[in-house]
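Listed here are the chains, written in short residue letters.
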Amino acid sequence: MPTSFTVVPVETQGEERQRDGQLREEEDEDNERDRGAGDGIARESSPFIDCAELGRGNMYEGKNMALFEEEMDSNPMVSSLLNKLANYTNLTQGVVEHEADEDSKRKEVKGPRMGTFIGVYLPCLQNILGVILFLRLTWIVGTAGVLESFIIVFMCCACTMLTAISMSAIATNGVVPAGGSYYMISRSLGPEFGGAVGLCFYLGTTFAGAMYILGTIEILLTYISPSAAIFKVADVGEETEAMLNNMRVYGTCIVILMAIVVFVGVKYVNKLALVFLACVILSIIAIYAGVIKTAFDPPDFPICLLGNRTLSKRNFDVCAKFTESNNETKTTPLWHLFCDSSLLNATCDDYFSLNNVTEIQGIPGIMSGVLTDNLWSAYSEKGSIIEKKDQPSVAGSEESKMGGLPYVFTDIMTYFTMLVGIYFPSVTGIMAGSNRSGDLKDAQKSIPTGTILAISTTSFIYLSCIVLFGACIEGVILRDKFGEAVNGNLVVGTLAWPSPWVIVIGSFFSTCGAGLQSLTGAPRLLQAIARDGIVPFIQIFGHGKANGEPTWALLLTVGICEIGILIASLDSVAPILSMFFLMCYMFVNLACAVQTLLRTPNWRPRFKYYHWTLSFLGMSLCLALMFICSWYYALIAMLIAGCIYKYIEYRGAEKEWGDGIRGLSLNAARYALLRVEDGPPHTKNWRPQLLVLLNLDNEQLVKHPRLLSFTSQLKAGKGLTIVGSVLQGIYLDKCTETQKAEENVKALMGVEKTKGFCQIVVSPNFRDGISYLIQSAGLGGMKHNTVLMAWPQSWKQAENRFSWKNFVDTVRETTAAQQALLVAKNIDLFPTNQERFTEGNIDVWWIVHDGGMLMLLPFLLRQHKVWRKCKMRIFTVAQMDDNSIQMKKDLQMFLYHLRLNAQVEVVEMFENDISAFTYEKTLMMEQRSQMLKQMQLSKNEREREAQLIHDKNTASRSAPAAEASVAAAVPEKVQMTWTKEKFVAEKHKNKDSNVSGFKDIFNMKPNQSNVRRMHTAVKLNGVVLNKSQHAQLVLLNMPGPPKNRKGDENYMEFLEVLTEGLDRVLLVRGSGREVITIYS
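Description of the structure in this document. Because the structure is predicted, anything quoted here is derived from the model rather than measured.

This part takes up unusual backbone geometry. In this structure, Pro-498 follows Trp-497 across a cis peptide bond, with omega equal to 10 degrees. Relative to the helices and strands, Pro-498 resides in the loop between α17 (491-495) and α18 (500-532). Residues other than glycine seldom take positive phi values, yet Asn-487 does so here, at roughly 60 degrees. Summarising the element assignment, Asn-487 is placed in the loop between α16 (475-478) and α17. Of note, the phi angle at Lys-753 is positive, near 60 degrees, even though the residue is not glycine. Note on placement: Lys-753 falls in the loop between α25 (735-751) and β8 (757-763).

As structure tokens, then:
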């Protein structure tokens, strides 16, 4: 029968019964209230939830889920999760992700309504078809020929098709909120890549706006109203410069006008989008209708040729040298342009005199067979005359005055790669569908279908137009960029039916609309990047008007757009935005390839027709096109992206988006760890991989921050560093303290620039926690090989009687684990990272060989700027039988082969008698040790006595309540009664034993082994003090602890004596393996 048990007082029991009764009454009242709610169904309140919270959504109705009620706040019921997903708008719901945390105030979007055709197909069509089709495609076909033009278009369309496949896979792998391509890249490749490519895509969209505006002005001033030009052509040959200046003036005015429209009424821009799209579609239909009409009724657009040279019809109307009227020969305006007078005997240009003027049809029609003439390229230098290849001509003797003659000249030098750069912007715009993902009924289905269909449609239009242009239009007209040979008409307009004005007006409005769309979309993209907070210097552009319109971003966009306007040449701006778009598409492909190869569990796209090889091919094609377009633009774009990447990495906010680059890093780390696991590192690769043992105070703050400073000085960011600490207790109780300690340690690591990992262990006692860290810290081949800790300064104090035991056990365990040990004594005197030693020495006392650790550590320290100017000195100790001169020579040769610069000194320690001081110090040490043991025994007895008194009091209190049941049993088991005689006898007994113990202490003689060790410590300390008292740092071999554990406290005394009087000491105990070698 037990002697003691817990007795609950009657009053307490009564209180508990009363409280239970009150709870039951409250539950009955709640049930009555629930029954009266109107549905007639009784609801039971949960015993786990306060009644005050029952009105909060009634999440916990019924008893079916009572087992999970405590977790409902963090883990919602499946029914509520599905209900939220069913009511999905454009925001991620159900699971609280970082996007919702960072922007909890987003306004809900109206229910998605658009299907594939309206939501994806038409926007993509509108963005892809544009200014290049109307203004430059005929010129590209004429210059590169049908075959090479076909290759250019096919390459560009293949690039966008492969990118669309990759984009479809990413876009259908979950929800893509606002931000489109930026969101996809950043969440797939991480904030650094996302920010860099997002800003490049923003710059591309902005320059696209500039290109569309320049196209608008070119149509206006060249084809609609040439008289509106502000800068007139004063001298022959200045047409290009005057045109560029007109572009700059009109472009600046239009970009300001468009910015005002976007700022005031962006909703009108969106409403006019369909009007602009209708203009594009009507224009394309007009082109196809014109092609069909040429088969039976070609339009009449005659071209005037002088020999084989094309003439500009801007200054004359009759294509002849003279005319016959009433049997009278009259010279024509063309004659006046080539001759010095209107007389038939006037002096004329030599080429004009030798060649005839002929007139041919500019559009012979699809059945004419002109396709064979236009198959091959006709690249030319800047300022060359456009010539018809198979036309007969006689070369003139004087070619110097061609500049003032009415020929059609090329305005730029043409070659294949340049044409690729100019053409590529015409296939961009494939992201329009993914940007509208929030407005679609089924984005997972609509984005792939609509985008791929749009690319297929536009690719067919472009490829067919190339063939049809080559088959219908004369080559000299195709190469005539501004239509000078056809009275200043738009070349593609001459082919259109029913009138060239259909194309002119259609292209004008479509380019105007595209420019407005760019100025609308680019600021929102910049705003999305700014609000993510990954690029600190653009965060101001995340702000805007009260309704969310990005005012500041719009101003920056207009400013960058103005740079493109000042360039003024559409042919110069097009390659710039080609670079930025190609870089964006390249990273979309990379994102898909990385995610597919990593096979992350979250990679589950609904679009199944993708493969990593297609993504890799698309990425390679994008990179190749970048360098084909312009290698220097490609390098500049990469440099800009690289600078942004490094800036975000260095200064940007850290984001965890579960991106593919992190997954790639984990895979690479796993692969590297498995490779490292194969075997121990070679001596040449050995470096200290540190486990730093920190002590924390009651507030979980680091006691010795200088230990981390010393770590960073020793490591300089190289190799592995694990910073560990131990909290005493049980992990379940210490979770919060563990997190706090980890945060504090990581913060200090950041301050001290210690690059490494933090590991906090909770253990029932400090000793076991240190053991766990030594055994298990690190992973695979990335484990520590060296332990760094501070010397326990207060080991002699009574309240820290276990600190020295923990220390000695740590020394033993590092030796057993074959790990090196570094013990920093007086760690608080060590320098911070901001200090600089301008002079002084690092002294190494090499007593025994430990694998060369003592040699390597000063070399590593001197790599850091704190110790860089300190000199290294090596001391070794010679015994009586050693030849100190030869030892010094050998050591100098050894250091020479090790490639270490150090002064060498051999210190002779002669045998002499053990001094009285050493004998007395050893005796005091052993007496102190014995006294501590006696005091420990006395304390144990006092604790036992206190426990007996406590038991007596407990028994006396519980006796009345249990008298009947334990009266007979208590005397048999425990003696609860104390008489005065017994108490005095026990007291005298303890006193006598203590007195006899202390008498033994004062009569004892020291152990001879301890005397010898103390003699060594005293002698060596004297030698070290003599040579190294003023050294900045002293490194000493650390002797091992005694094999007999009874002498552990004496071991601490030996180390104390050995280092006495020195400011900064690093005790080094090698692992037993060689860590430094003379071989290369």
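So, next bit.
Attention shifts here to the packing of helix α13 (residues 416-423) against helix α21 (residues 612-629). If you want to describe how two helices pack, look at the angle between their axes and the distance between the axes. It is at 7 Å that the axes of α13 and α21 come closest, and there the two elements cross at 115 degrees. Taking contact as the criterion, the partners of Thr-417, Val-420 and Gly-421 in α13 are, on α21, Leu-625, Ile-628 and Cys-629.

Let us look at the environment of Val-726. Looking at where Val-726 falls in the secondary structure, it is placed in strand β7 (residues 721-728). With 45 residues separating them in the primary sequence, Val-726 and Ser-771 have C-alpha atoms 10.0 Å apart.

What follows covers empty space enclosed by the protein. A water-sized probe rolled over the atoms picks out the places where empty space is left. One pass over the full model with this rule turns up 3 cavities of 30 Å³ or more. For the lining of the largest cavity, the elements supplying multiple residues, two or more each, are α9 (239-264) and α19 (551-567). Split by residue class, the lining of the largest cavity holds 4 nonpolar, 1 polar and 3 charged. Looking at the second largest cavity, the residues that line it are Ile-128, Cys-157, Thr-160, Val-427, Ile-430, Ile-455, Thr-458, Ser-459 and Tyr-462. At the level of elements, α6 (137-171) and α15 (443-472) are the ones that each hand at least two residues to the lining of the second largest cavity. At 4 residues, the largest contribution of residues to the lining of the second largest cavity is made by α15. Considering only residue class, the lining of the second largest cavity consists of 6 nonpolar, 3 polar and no charged.

This brings us to the sheet that holds strand β2 (residues 309-310). Overall, antiparallel pairing links the 3 strands, which are arranged β2-β1-β5 in an open sheet. Bordering the open sheet on either side are β2 and β5 (357-361), each of which pairs with just one other strand. In terms of strand pairing, strand β1 (residues 302-306) meets β2 through 2 bridges, oriented antiparallel. Looking at β2, one finds that Leu-306 is bridged to Arg-309.

With respect to the helices, strands and loops of the structure, Ser-168 is situated in helix α6. Given the relative accessible area of 0%, Ser-168 is considered buried. A distance of 2.7 Å separates the side chain of Ser-168 from the backbone oxygen of Ala-164, its partner in a polar contact. Setting aside its immediate chain neighbours within four residues, Ser-168 contacts Pro-448, Ile-452 and Phe-607.

Bringing the pairing of strand β15 (residues 1065-1069) into the picture now. The buried fraction of β15 amounts to 4 of the 5 residues, a majority that puts the element mostly inside the structure. Relative to β15, strand β10 (residues 820-825) runs antiparallel, the two being bridged by 5 bridges. Within β15, the position partnered with Val-823 by the bridge is Leu-1067. Across 4 bridges, strand β14 (residues 1033-1037) lies against β15 in parallel orientation. Residue pairing across strands places Asn-1037 opposite Val-1068, the latter belonging to β15.

Taken as a whole and judged by the stated rule, the model has 24 aromatic pairs. A ring pair is formed by Tyr-407 and Phe-409, whose centres lie 6.3 Å apart and whose planes are at 85 degrees; its orientation type is edge-to-face. Of the aromatic side chains, those joined through ring pairs into one cluster are Phe-322, Trp-335, Phe-338, Phe-352, Tyr-407 and Phe-409. Here Arg-309 stacks its cationic end above the ring of Tyr-407, 5.2 Å away from the centre of that ring. Here the basic side chain of Lys-481 rests over the ring of Trp-139, its NZ or CZ set 4.2 Å away from the ring centre.

Rules used in this analysis
Residues numbered from 1 in each chain as written. Predicted model: local features only at pLDDT ≥ 70, side-chain atom pairs only at ≥ 80, totals over all residues. Heavy atoms only, no water. Helix = DSSP H or I, 4+ residues; strand = E, 2+ residues; numbered from the N terminus. Axes fitted to C-alpha atoms, helices over the stretch in contact; angles between N-to-C directions. Contact = heavy atoms within 4.5 Å. 1 Å grid on protein atoms, 1.4 Å probe; cavity = no way out; pocket = protein on both sides within 12 Å on 5 of 7 lines; lining within 4 Å. Points joined across faces, edges and corners; volume = space filled by probe spheres on them. Nonpolar A, V, L, I, M, F, W, Y, C, P; charged D, E, K, R; others polar. Pairing = 2+ DSSP bridges. Buried < 20%, exposed > 50% of the residue type's maximum accessible area, 1.4 Å probe, protein only. Polar contact = N/O pair within 3.5 Å; in protein donor to acceptor, adjacent residues only side chain to side chain. Phe/Tyr/Trp six-rings, centres within 6.5 Å; stacked < 30°, edge-to-face > 60°. Lys NZ or Arg CZ within 6 Å of the ring centre and 35° of its normal.

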